[in-house]
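A look at the structure
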Amino acid sequence: MAKYAGSGHQDPSTCLEGTRTTALDDIDEWKCDSEMLDAGEGSEEYRDRDREMDILWLTGTAGSGKTAIAQTVYERFRAEGLLVVQTSFFRSMGCTHPKYLPLSIAYQLAVANSSLKISIEAVVQADPAVVDASFDVQLQRLVVGPLLDIASRGRVPRVYVIVDGLDECGVEDDQIRIIRLIQGIVMDSDRHQHRRLPIRFLIASRPESWIQTTLLLSSAPIPAPAVFTVMLNQNNEANRDIQLFYETEFAKIRNDPRHVYSMTSISGPWPWPSEADIIQLVLWASGQFVYAKTIVRFVGALGYSPICRLDGVLRSHSHSHSDYGSGSTKSKLISPLNTLDALYTHILSSAVDWDVTRSVLGALGAFSSSLVKREAVSVVEVLLGLNVGDGYVALRNLHPVVYVPDDLLFEREREGEGEG
């Protein structure tokens, strides 16, 4: 089971101090709610509401900074002495199998708590085949069972489970199954033994339509537990955070003694880069931290001139915006964004019918808002001669890069249920 212990992190970086404050404050509020419940504080109405918020969903488009926030939360919780475990799914590292979830959680719990270690080891010794069982059986026997075991013998500390990158776990059915299992744990805990099994889940993922539906849309006859949602949108705060990130990281590059000789060639404004260049980079990032991190890593690479590299990025990016797809040599001179190209190519390749999807996206581009409104999709369907609902179907697999509000998502899902 120890081989799954390292399934946690691809990029262990945390949020830069002073950034992502709204999201982190929201998560801290969610955490403080559970601490008040443990202490028995608050009214009955408050405690009832708190029981319905044992799941937090941190969501945002690809590259919006979910992993950095999840890592920051993990480290903060640990520093506060809380019992917190984290498992992450990363397609690029091959960490996608659903079994990473229960085995990684069980391993970390055993390391963190001696009583849980004894209980988990007893399960494995009694039935060694459990490590090869289905992941729902593993979750029940290696995580829930040991927690109930030690809870029956005394007070068990509240456990926080962070699941990062759920959208990169297995296939769509695996992701839905994991959510259902987590909901089952929370609902069983609410109905029968909430005070005996204090456990909370933080799920970080892109806003894939099936994840939204499973988490937020109740399915009769069993309602889904309420979810505390933290949405990372492109907004003024995200732009301010990215600007602060650029200023901090470029200052590190500028003052790095390994770049001292190349930085002496600056003939333009000081400090480097200019404010105008940073603002341009912020605008190009469009709220995506992965873009900003990629630029900084490229510019600050050892063995190259940061000044020349940044100039090349600014020139090539401006050229690509005015001459994208022309195949000219200039647009290929500097390519720091290959990883982003691969990421978005993967997402766009999941479109059910690319010709229809491209037409819908092109038509939606005529609307001033960056959000996909129900009215806009309906108008596009009429303009393109599509059937009602075809616009949503075209966007269904693009939620990681195209934000579709809950009302449009749920309206289409309910229409689908009604047709059945």
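These figures come from a predicted structure and were not determined experimentally.

Glancing now at helix 6 (residues 135-151). Residues lying three or four places apart along an α-helix face the same way, a consequence of the helix completing one turn every 3.6 residues. With 17 residues, helix 6 extends 23 Å between its outermost C-alpha atoms, agreeing within 8% with the 24 Å of an ideal straight helix rising 1.5 Å per residue. Along helix 6, the sharpest kink reaches roughly 30 degrees, centred on glycine 145 and followed within four residues by the proline proline 146. Taken together, the buried positions of helix 6 are occupied by Phe135, Gln138, Leu139, Leu142, Val143, Val144, Pro146, Leu147, Ile150 and Ala151.

Confidence along the chain averages 77 in pLDDT terms, with 72% of residues attaining 70 or more. Throughout residues 321-334 the model reports pLDDT below 50, and contacts reaching past four residues in sequence, or to other chains, amount to 12 contacts. Low pLDDT, under 50, characterises residues 406-420; the predicted model gives this stretch 27 contacts beyond four residues in sequence or across chains.

Examined against the element boundaries, alanine 226 turns out to sit in the loop between helix 8 (209-216) and strand 5 (227-232). Given the relative accessible area of 29%, alanine 226 is considered partly exposed. Once the C-alpha coordinates of alanine 226 and methionine 53 are considered, the two residues, 173 residues apart in sequence, prove to be 5.7 Å apart.

Once that is clear, we can look at the sheet that holds strand 2 (residues 83-88). As summarised here, the arrangement of the five strands in space is 2-3-4-1-5, forming an open sheet in which the pairing is parallel. This sheet does not close on itself; its edge strands, each paired only once, are strand 2 and strand 5. Each strand of the sheet is rotated relative to its neighbour by a mean of 15 degrees, with strand direction disregarded. The sheet contact formed by strand 1 (residues 55-60) and strand 4 (residues 199-205) spans five bridges and is parallel. Bridge assignment links leucine 56 to a residue of strand 4, and that residue is leucine 202. Across the sheet, helix 4 (residues 100-112) is in contact with strand 2 and strand 3 (159-164); its angle to strand 2 comes to roughly 150 degrees.

Rules used in this analysis
Residues numbered from 1 in each chain as written. Predicted model: local features only at pLDDT ≥ 70, side-chain atom pairs only at ≥ 80, totals over all residues. Heavy atoms only, no water. Helix = DSSP H or I, 4+ residues; strand = E, 2+ residues; numbered from the N terminus. Expected span 1.5 Å × (residues − 1). Bend = angle between axes of the 7 residues up to and from the residue. Buried < 20%, exposed > 50% of the residue type's maximum accessible area, 1.4 Å probe, protein only. pLDDT = per-residue confidence, 0-100. Contact = heavy atoms within 4.5 Å. Pairing = 2+ DSSP bridges. Axes fitted to C-alpha atoms, helices over the stretch in contact; angles between N-to-C directions.

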